[in-house]
Amino acid sequence: MQNPNGTILQLYHSGRLSAALHAFQALPSSPAPAPLSAATYAALVTACSRLRSLCQGRLVHHHLIASPDAGLAGNTVLNNHLITMYGRCAAPDSARLVFDEMPAKNPVSWASVIAAHTQNRRSTDALVLFSSMLRAGTAPDQFALGSAVRACAELGDIVVGRQVHAQAMKSETGSGLIVQNALVTMYSKSGFVGDGFSLFTRMREKDLISWGSIIAGFAQQGCEMEALHIFREMIAEGLHHPNQFHFGSVFSACGVLGSLEYGKQIHSLSVKYNLDSNSYAGCSLSDMYARCKKLESARKVFYGIDAPDLVSWNSIINACSVEGLLSEAMLLFSDMRDSGLRPDGITVRGLLCACVGCDALQPGRLIHSYLVKLGLDGDVSVCNSLLSMYARCMDFSSAMDVFHETRDRDVVTWNSILTACVQHQHLEVVFELFNLLQRLVPSLDGISLNNVLSASAELGYLEMVKQVHAYTFKVGLVNDTMLSNGLIDTYAKCGSLDDAAKHFEMMGTNCDVFSWSSLIVGYAQSGYARKALDLFARMRNLGIKPNHVTFVGVLTACSRVGFVDEGCYYYSIMEPEHGILPTREHCSCVIDLLSRAGRLTEAAKFVDQMPFEPDIVMWKTLLAASKTHNDVEMGKRAAEGVLNIDPSHSAAYVLLCNIYAASGDWNEFARLKKAMRSSGVKKSPGKSWVKLKGELKVFIVEDRSHPESEEIYTMLDIVGMEMIKAGYVPKLPCQYTSFDHTNSDLSDEEMTMEYG
């Protein structure tokens, strides 16, 4: 090559960067490196920087060091180019090494090395360098200030950020657009979007980055409507055309607001700028439609994206999963793999969220196998989703297996398995895990403790509730409102209303509608109707708006003590005065209210006029009342309603048998008993718990696994005989001489029927 400098520079200036580097690599390396000028080295280093080619950058650097011109290695401008190149090629340590070895440094040198660290998320090192620059007496330029501000934004360090802002105000270059944009972004990202907006409004000059920073800041900090207003202002100003990032922010804002009309208008604008098929804007647009429950539009936008990236695929897969469209999510997952993209943890977590119910267990297992193949089974967040999936798909055993196999469990892991235990009624396991968890972690969170409270409420385990209450003081959770509400609810369910009321009063101004509702429901379910209604009146006087649970408590209270007219009044004002649409639960309370008072005709009429089909609880309520008031016809109708929903429901048979027996219709009684036996209807066995010497003991009906079961059943026989001697007379003529659970083919509910 006759003139390497001229050839390389000509290729560089014509934009042929790779060709310029190839020409450099073709230079002879012996007997001595070809002499190159400072301009040629600068062009080569810049080409490596733009191409992000670290390997070739190092070759150019080594060639420069070996240059026969000794002065080039210490050239400040060339070293600044090298620092920038190493920063852009993700090698900040090499950039720092060049900087430290420079014989002379200027403001550009400092700005370059600070930027090299900020670009590579070495924000703390960047701020240390910025501080060293100030101590060295070098005035920072706008690039150094901008990099320092971005480092503060990355760290979320608003205190240091304000100090850098003050330094910028003192600097001649602090009013530059680069610094101002960085400050707007920092304040917005750190949660001080108001300060960012104040700074934005004072800026004399604004560019696309300025507008994008404040729009994104508002959108990300929960001020979605403000983001849309500023976007509209930008469009109205007409000086700048929005890019994909502006559209991405406003589409996200529309999605959070659920504002489909705004979203459609902005979609039309994005089509005008030909950005609707852009990967970034298109992904946000697809997500917006999905959030607005327009999944077909979301799919259409997604399939219109030129080259959907992993984020886009994850977004549409998650949208289908949220809507419970498992088959479609799985199909998209297959298409994604066919496109050559490798799924990540977000992908499989989205798929697992769609797996709900027994029918989804097999697809869930397939996803499990695939994520193991991908090596994602070591990701704790993926394991947590997997555990929850098995719990939702009714496979508690597999959920426990995932829990035991999960390494580095976090608090979500523990909360997930505790929730699964409560949902699947493995309540004794909750306490075992709770004891283990207390030994493994310094303090539990409110979700863990609420799971323990739920298990305690199911068992009436008052001692454990008091332990949890004491623990909240120990770990500083006593002011956690959600946990306090759980304590009120659990104390009430365990029958300790005094403790529930005491804790309620201790909460003081921290009480919310859930606190009031929990105590009202507690009083109502325990038969303290007047206390429940007085508390409701006190709540209304304080201006606290009741919710649907509050009215469940109020209606239950009226039902328990026969305040029929008062209960009907409260039901009538729910929607017009409080905007609460009656649910099935409220309707069940009204049916119970009327049935207990013997007003079965009104109850049946209410059932017929409800806006939805009666459920099994409503029919059972009518059935029980029919038995109490000896209404055979109503009993037949109610029993038919129960059995239409659940043909194997033993309680319906038992109660209808009682109605026939009470009315003297023994033929129907015998026919129904025979039908029960021939169809194999049996009640699920009852279960009881008792704590003995610190250990929870579980007893199940007809269980003979206990080593002293013979003695236990002998004692039951003795107790039964003593009851009869004491004057207990069975209501039905079918007499049994012994409580022999092994020989009888009746369930324990039928036994209750036979003995009254």
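- Per an unreviewed UniProt entry, the chain goes by DYW domain-containing protein and derives from Triticum aestivum.

**With respect to the environment of M464**
Inference 1: As for its position among the elements, M464 is in helix α29 (residues 462-474).
Inference 2: Counting along the chain gives 132 residues from M464 to R596, while the straight-line C-alpha distance between them is 35 Å.
Inference 3: Residues within four places of M464 in sequence aside, it is in contact with F431, F434, V452 and S456.

**As for the packing of helix α35 (residues 564-578) against helix α36 (residues 584-596)**
Inference 1: Where α35 contacts α36, the two axes come as close as 10 Å, and the packing angle between them is 160°. Taken together, the axes of α35 and α36 are roughly antiparallel relative to one another. The hand of the α35/α36 crossing is left-handed. Of α36, the residues touching α35 (which contributes V564, G567, C568, Y571 and M574) are H586, C587, V590, L593 and L594.

**A closer look at the nonpolar core**
Inference 1: F247, Y570 and L622 are the most contacted members of the largest nonpolar core, which totals 219 residues.
Inference 2: Considering every element that reaches this core, the biggest residue donor is helix α40 (residues 650-663), with eight residues.
Inference 3: Filtering out sequence-adjacent residues up to four positions away, F247 remains in contact with F231, P242, I266, L269, S270, Y273, L275 and A281.

**Overview of the layout of surface pockets**
Inference 1: Computed from the structure, the largest pocket encloses a volume of approximately 490 Å³.
Inference 2: Along the walls of the largest pocket sit 20 residues, with V521, Q525, V552, T556 and E585 positioned nearest its centre.
Inference 3: Of all the secondary structure elements, the ones that give two or more residues to the lining of the largest pocket are α32 (513-525), α34 (548-561), α36 and α38 (616-628).
Inference 4: With six residues, α34 is the largest single contributor of residues to the lining of the largest pocket.
Inference 5: Each residue belonging to the lining of the largest pocket can be placed in one class, and the counts come to six nonpolar, nine polar and five charged.

**Structural notes on helix α10 (residues 142-155)**
Note on helix geometry: an α-helix contains 3.6 residues per turn, so any two residues three or four positions apart are oriented the same way.
Inference 1: Over its 14 residues, α10 runs 20 Å from end to end, which matches the ideal 20 Å to within 8%, given 1.5 Å per residue.
Inference 2: Turning to α10, its buried residues number three or more, namely A144, L145, G146, S147, A148, V149, A151, C152 and A153.
Inference 3: Tucked into the core, α10 has its buried residues touching α8 (107-119), α9 (123-135), α11 (158-170) and α12 (177-189).
Inference 4: After α10 finishes, the residue G156 shows a positive phi value of roughly 70°.

**Considering the pattern of salt bridges**
Inference 1: Tallying each qualifying case throughout the model produces 19 salt bridges.
Inference 2: In this structure, the salt-bridge partner of D93 is R122, at a minimum N-O distance of 2.7 Å. With D93 in helix α7 (residues 92-100) and R122 in the loop between α8 and α9, this residue pair connects regions lying 29 residues apart in the sequence.
Inference 3: One salt bridge connects R96 with D100, and the closest N-O pair in it is separated by 3.0 Å. Of this pair, R96 and D100 both sit in helix α7, four residues apart, which is roughly one turn of that helix.

**Focus on the environment of S496**
Inference 1: Looking at the element boundaries, S496 is found in the loop between α30 (481-493) and α31 (497-507).
Inference 2: Along the primary structure S496 and L594 are separated by 98 residues, whereas in three dimensions their C-alpha atoms are 29 Å apart.
Inference 3: In this view, S496 contacts L462 and Y491; residues no more than four positions away in its chain are not counted.

**Details of the packing of helix α18 (residues 279-291) against helix α19 (residues 295-304)**
Inference 1: Between α18 and α19, whose axes approach to 7 Å, the crossing angle comes to 170°. When the axes of α18 and α19 are compared, the pair comes out roughly antiparallel. Between α18, through G282, L285, S286, Y289 and A290, and α19, the contact on the second element is made entirely by L295, S297, A298, V301 and F302.
Inference 2: Within the contact of α18 with α19, the residues separate by chemical class into seven nonpolar, three polar and no charged.

**Examining unusual backbone geometry**
Inference 1: Positive phi outside glycine occurs at A90, with the angle close to 60°.
Inference 2: For A90, the location among the structural elements is in the loop between α6 (76-88) and α7.
Inference 3: In this structure A90 comes out as exposed when scored by relative accessible area, which is 54%.
Inference 4: Within the chain, K293 stands out as a residue other than glycine whose phi angle is a positive 65°.
Inference 5: The topology assignment puts K293 in the loop between α18 and α19.
Inference 6: Using a relative accessible area of 58% as the deciding quantity, one classes K293 as exposed.

**What to know about a nonpolar patch on the surface**
Inference 1: Residues M715, I718, V719, M723 and Y728 make up a contiguous nonpolar surface patch of roughly 430 Å² in combined accessible area.
Inference 2: Position of I718 relative to the elements: it lies in helix α42 (residues 709-725).

Reading the values: rules and limits
Residues numbered from 1 in each chain as written. Predicted model: local features only at pLDDT ≥ 70, side-chain atom pairs only at ≥ 80, totals over all residues. Heavy atoms only, no water. Helix = DSSP H or I, 4+ residues; strand = E, 2+ residues; numbered from the N terminus. Contact = heavy atoms within 4.5 Å. Axes fitted to C-alpha atoms, helices over the stretch in contact; angles between N-to-C directions. Parallel < 35°, antiparallel > 145°, perpendicular 65-115°, else oblique. Left-handed = near helix turned anticlockwise from the far one by under 90°. Core = buried A, V, L, I, M, F, W, Y, C linked by side-chain atoms within 4.5 Å. Buried < 20%, exposed > 50% of the residue type's maximum accessible area, 1.4 Å probe, protein only. 1 Å grid on protein atoms, 1.4 Å probe; cavity = no way out; pocket = protein on both sides within 12 Å on 5 of 7 lines; lining within 4 Å. Points joined across faces, edges and corners; volume = space filled by probe spheres on them. Nonpolar A, V, L, I, M, F, W, Y, C, P; charged D, E, K, R; others polar. Expected span 1.5 Å × (residues − 1). Salt bridge = Lys/Arg side-chain N within 4 Å of Asp/Glu carboxyl O. Patch = residues over 30% accessible without salt bridge, like charges linked within 9 Å, V, L, I, M, F, W, Y side chains within 5 Å. Areas by Shrake-Rupley, 256 points an atom, 1.4 Å probe, with all protein chains shown as cover.

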